[in-house]
Amino acid sequence: MSLFSKKNQTDSGADKTVLAEMALMTIHDGVIITNKNGAVQFINPAAVAMTECATAENATGLDYGLLIKLETKEGRELPENENKLIIAMKTGQSLDRFAACLIGTKSGKRIPIAVSVVVADGGNRIITFRDITKELAEEGEQAEFISTASHEMRTPVASIEGYLSLALNPQTASIDERARGYLAAAHAASQHLGHLFKDLLDVTKLDDGHLRPVFRPVEMVGTVKQISDGYLVAAKNAKLNFQFGANKQNAVGGLDRRLDQVVYGYVDVNFLHEIMDNLIDNAIKYTPAGGSIYVNVLGDGDRVLINVTDTGIGISSDDLQHIFQKFYRADNSDTRTIGGTGLGLYLVKQRVEAMGGRVWAESAFGEGSTFYVSLPRITGEEYEKRMIAINNTNNGGVQPQ
Ligand code: ADP
């Protein structure tokens, strides 16, 4: 029912319009109502205070853009095509909690806010915004705690894993078969914990921008092949056919001919390693014995396109939309028995995007999956130029561009 409905009396006899107005005048969230052209019709006291316009009367009739000036969290001016508030106001589409910094119109003070827009009947826009300083500080403290805790716990876990390896190694210890089973289970669990702590540490570092890519010119086909070769033994142990330089469609015919191509990229090699490790690890984990895995690298215009394809359990379309989210794991009878943290693909996405790339997946439940990573490509000439610049720097010469 509409707030200002015709039935204006509540059951206890109070006037609803008065109650609604009282709520608007006392809440801590800023509320501005404009007409469909963006001219302010109403502004509540919280919005007056946050935008630093002198009084509600002064603001009425002004364009909302004169009151709500937004910047990015990093203090960069928000271009119109990234300013979701302007887009929502223009197009009349609603907006949900867009995070940005509000700049005080008088003092220039910056307040981090989450702003939403709802379009009411008749085209009026209701803009609400909330100061999220406290939430951000709490998030920061939480991240700091997770980061410190993960860091501290990694060392003892590594030591437990090391001692369990020694106990399981016939050359360093003798144990009976029953004990071997228990220790093998403890070893697997300690490895899982080790992964979890490493992933958590990486998540906090990437989230707060501490882990930045260090770009280098890289020959991509050879580099990705080298990383993939590191998985030949693991794939063999899992009874999987592993091919580099092939795709599912041409696997029988052998190598993809376009692989004769030399493809250059400008990437962080450690990031690339972590990305490929995660995708190939997953392909091995989620493909039952007897299946196949294909890794390929192609030059595609100004992009380098890498794909990791498997013939494994696949991902349903419902799960596919969420798999790059933090802690998301598809829940079905197959995945329940396979260990994981739900952080791997989130980290892949963060790292790919930090290098100016894009990652996506195509899959159907029961029919295998293909993960694509597209990264910026450079020409052979650019590669040579940047390599020379790096060599010069190493010899005390100029900085690479
Ligand atoms: P996890 O540690 O659970 O593997 P990820 O973030 O790497 O976490 O993956 C998220 C989820 O996506 C997994 O739990 C799984 O359900 C699904 N997934 C990822 N890769 C594959 C794959 N190659 N085949 C099938 N499902 C996959």
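As the structure is a prediction and not an experimental result, all values here were calculated from the model. (Residues numbered from 1 in each chain as written. Predicted model: local features only at pLDDT ≥ 70, side-chain atom pairs only at ≥ 80, totals over all residues. Heavy atoms only, no water.)

Attention now goes to the state of the cysteines. Each disulfide consists of a covalent bond between the sulfur atoms of two cysteine residues. Under the counting rule described, the total for this entry stands at zero disulfides. Of the cysteine sulfurs around C53, a residue in no disulfide, the closest is that of C101, at 19 Å. Among the residues examined, C101 registers a relative accessible area of 5% and is labelled buried. (Disulfide = S-S within 2.5 Å. Buried < 20%, exposed > 50% of the residue type's maximum accessible area, 1.4 Å probe, protein only.)

Taken together, 21 residues are adjacent to the ligand, and N282, Y286, R329, T341 and L345 come closest. At 2.7 Å from an oxygen atom of the ligand is found a main-chain nitrogen or oxygen belonging to T341. At 3.5 Å, a side-chain N or O of S369 approaches a nitrogen atom of the ligand. Protein contact buries 98% of the 530 Å² of open area that the ligand shows by itself. Sorting the residues of the shell around the ligand by element identifies helix 10 (269–285), helix 13 (344–354) and strand 13 (369–378) as the ones contributing at least two each. (Near = heavy atom within 4 Å. Polar contact = N/O pair within 3.5 Å; in protein donor to acceptor, adjacent residues only side chain to side chain. Areas by Shrake-Rupley, 256 points an atom, 1.4 Å probe, with all protein chains shown as cover. Helix = DSSP H or I, 4+ residues; strand = E, 2+ residues; numbered from the N terminus.)

The next subject is the packing of aromatic side chains. Here the structure, examined in full by the defined rule, presents four aromatic pairs. Summarising the aromatic geometry, the rings of F215 and Y266 are spaced 5.6 Å apart at their centres and angled 15° between planes, so their arrangement reads as stacked. Of this pair, F215 sits in the loop between helix 7 (177–207) and strand 7 (216–219) while Y266 sits in strand 9 (residues 264–267), and the two are 51 residues apart along the sequence. A relative accessible area of 31% means that F215 is categorised as partly exposed. Centroid distance Y264 to Y383: 4.1 Å. Interplanar angle 25°. Geometry classified as stacked. Linking Y264 in strand 9 with Y383 in helix 14 (residues 380–394), this pair joins segments that are 119 residues apart in sequence. Classification of Y264 as buried rests on a relative accessible area of 17%. (Phe/Tyr/Trp six-rings, centres within 6.5 Å; stacked < 30°, edge-to-face > 60°.)

Domain boundaries in the protein chain define domain 1 (11–131), domain 2 (136–207) and domain 3 (216–386). Here domain 1 and domain 2 have C-alpha centroids that lie 48 Å from each other. (Domains from an automatic or database assignment.)

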